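Coordinate analysis (summary)
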Amino acid sequence: MLFFLFLCLIIFFYWQFQMIRKYSFQYDNFKINLPQRKVCINGEEVAFEEIDHISVLELEQPSTTEKAFSKTAYHTYLTKMLFHLKNGTAVSCRFNSKGALYKALKQLQPFVAIYENIEQYKTSLYWRLIVFIAFVILGIMWGLSAR
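So, here's what we can say about the structure. (Residues numbered from 1 in each chain as written. Predicted model: local features only at pLDDT ≥ 70, side-chain atom pairs only at ≥ 80, totals over all residues. Heavy atoms only, no water.)

Moving on to the overall build of the chain. A count of helices and strands for the chain gives five helices and seven strands. Tracing the chain from N to C terminus, the helices and strands come up as α-β-β-β-β-α-α-β-β-α-β-α. In summary, the chain has a C-alpha radius of gyration of 20 Å against a globular reference of 15 Å for 147 residues, an excess of more than 25%. Along the first, second and third principal axes, the C-alpha set of the chain runs to 65 × 30 × 25 Å. A burial count over the chain gives 28% of its 147 residues as buried. Within the chain, counting contacts between residues at least 6 apart in sequence, those at least 24 apart form 52% of the total. In the form shown here, the chain has an accessible surface area of approximately 10400 Å², with 63% of it arising from carbon and sulfur atoms. In the chain, the 16 positive side-chain charges and the 11 negative ones have mean positions that sit 11 Å from each other. (Helix = DSSP H or I, 4+ residues; strand = E, 2+ residues; numbered from the N terminus. Rg over C-alpha atoms; globule rule 2.2 N^0.38 Å. Buried < 20%, exposed > 50% of the residue type's maximum accessible area, 1.4 Å probe, protein only. Contact = heavy atoms within 4.5 Å. Areas by Shrake-Rupley, 256 points an atom, 1.4 Å probe, with all protein chains shown as cover. Lys, Arg positive; Asp, Glu negative; His and termini not counted. Charge placed at Lys NZ, Arg CZ, Asp CG, Glu CD.)

Below, the structure written as structure tokens:
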């Protein structure tokens, strides 16, 4: 029985490691330089004047099982921001969290046309509070049941 439990723990930790590798490192290096009015994506600079508009594509999201059992997957929201340039090409940038995407879109909003509802990417403190309280209640119930 102890061997089976140990084997299950090894499988669970391996799966958690895979979730961290799959979702934590899946984003691009993105910086906004407001004084120079440029965006830097993985070392490539694009001036605000070259950008026609910005759109956002939602990528494949973590499954419900991954979100239920992995904190990394729970906070992941995979998207791709497309910078449509005036010369007809597009430059893409991947994000793995709603917060980072929202912050980038809010900073770019005064300078570039954005064809998205920015507020849909705003993280809600309300839901985080509900999840935190649920975990606290479950922890207390589990602690009381162990006695």
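This brings us to the layout of surface pockets. Of the volumes computed, that of the second largest pocket is approximately 270 Å³. Around the second largest pocket, the lining is made up of 12 residues, and of these Lys-71, Tyr-74, His-75, Val-131 and Phe-135 lie nearest the centre. Secondary-structure elements contributing two or more residues to the lining of the second largest pocket are helix H2 (64-69), helix H3 (71-74) and helix H5 (125-145). Residues that form the lining of the second largest pocket fall into these classes: seven nonpolar, two polar and three charged. (1 Å grid on protein atoms, 1.4 Å probe; cavity = no way out; pocket = protein on both sides within 12 Å on 5 of 7 lines; lining within 4 Å. Points joined across faces, edges and corners; volume = space filled by probe spheres on them. Nonpolar A, V, L, I, M, F, W, Y, C, P; charged D, E, K, R; others polar.)

Attention now goes to the environment of Lys-22. As for its position among the elements, Lys-22 is in helix H1 (residues 2-23). Take Lys-22: its relative accessible area is 43%, and that puts it in the partly exposed class. Residues Lys-22 and Thr-72, 50 residues apart in the sequence, show an inter-C-alpha distance of 9.3 Å.

The next point concerns the sheet that holds strand S2 (residues 38-41). Read across the sheet, three strands follow the order S1-S2-S3 without closing on themselves; strand pairing throughout is antiparallel. Looking at which strands have only one partner, the edges of the open sheet turn out to be strand S1 (30-33) and strand S3 (44-47). Sheet twist, expressed as the mean angle between neighbouring strand axes with direction ignored, is 20°. With four bridges joining them, S2 and S3 adopt antiparallel strand pairing. The residue bridging Lys-38 from the neighbouring strand is Ala-47, located in S3. (Pairing = 2+ DSSP bridges. Axes fitted to C-alpha atoms, helices over the stretch in contact; angles between N-to-C directions.)

Core analysis: the biggest nonpolar cluster contains 24 residues, and Phe-30, Ile-51, Ile-54, Met-81, Phe-83, Leu-105 and Leu-108 have the highest contact counts within it. Of all the secondary-structure elements, those providing two or more residues to this core are S2, strand S4 (51-58), strand S5 (79-85), strand S6 (90-95) and helix H4 (98-108). No other element matches H4, which puts five residues into this core. When near neighbours in sequence (up to four residues on either side) are disregarded, Leu-108 contacts Phe-30, Ile-32, Val-39, Phe-48, Ile-54, Met-81, Phe-83 and Ile-114. (Core = buried A, V, L, I, M, F, W, Y, C linked by side-chain atoms within 4.5 Å.)

On the surface, Leu-129, Phe-132, Ile-133, Phe-135, Val-136, Ile-137, Leu-138, Ile-140, Met-141 and Leu-144 cluster together into a nonpolar patch covering about 1000 Å² of accessible area. Turning to its location among the elements, Leu-144 is positioned in helix H5. (Patch = residues over 30% accessible without salt bridge, like charges linked within 9 Å, V, L, I, M, F, W, Y side chains within 5 Å. Salt bridge = Lys/Arg side-chain N within 4 Å of Asp/Glu carboxyl O.)

Counted at 1.5 Å a residue, the expected span for H1 with its 22 residues is 32 Å, and the 32 Å between its end C-alpha atoms agrees. By the burial criterion, the buried members of H1 are Gln-16, Met-19 and Tyr-23. Buried positions in H1, seen along its axis, are confined to an arc of 55° and lie on one side of it. More than 90 degrees from the buried face of H1, the exposed residues found are Phe-3, Phe-6, Ile-11, Phe-13 and Tyr-14. Buried-residue contacts for H1 involve H2 and H3. (Expected span 1.5 Å × (residues − 1). Arc of directions from axis to C-beta.)

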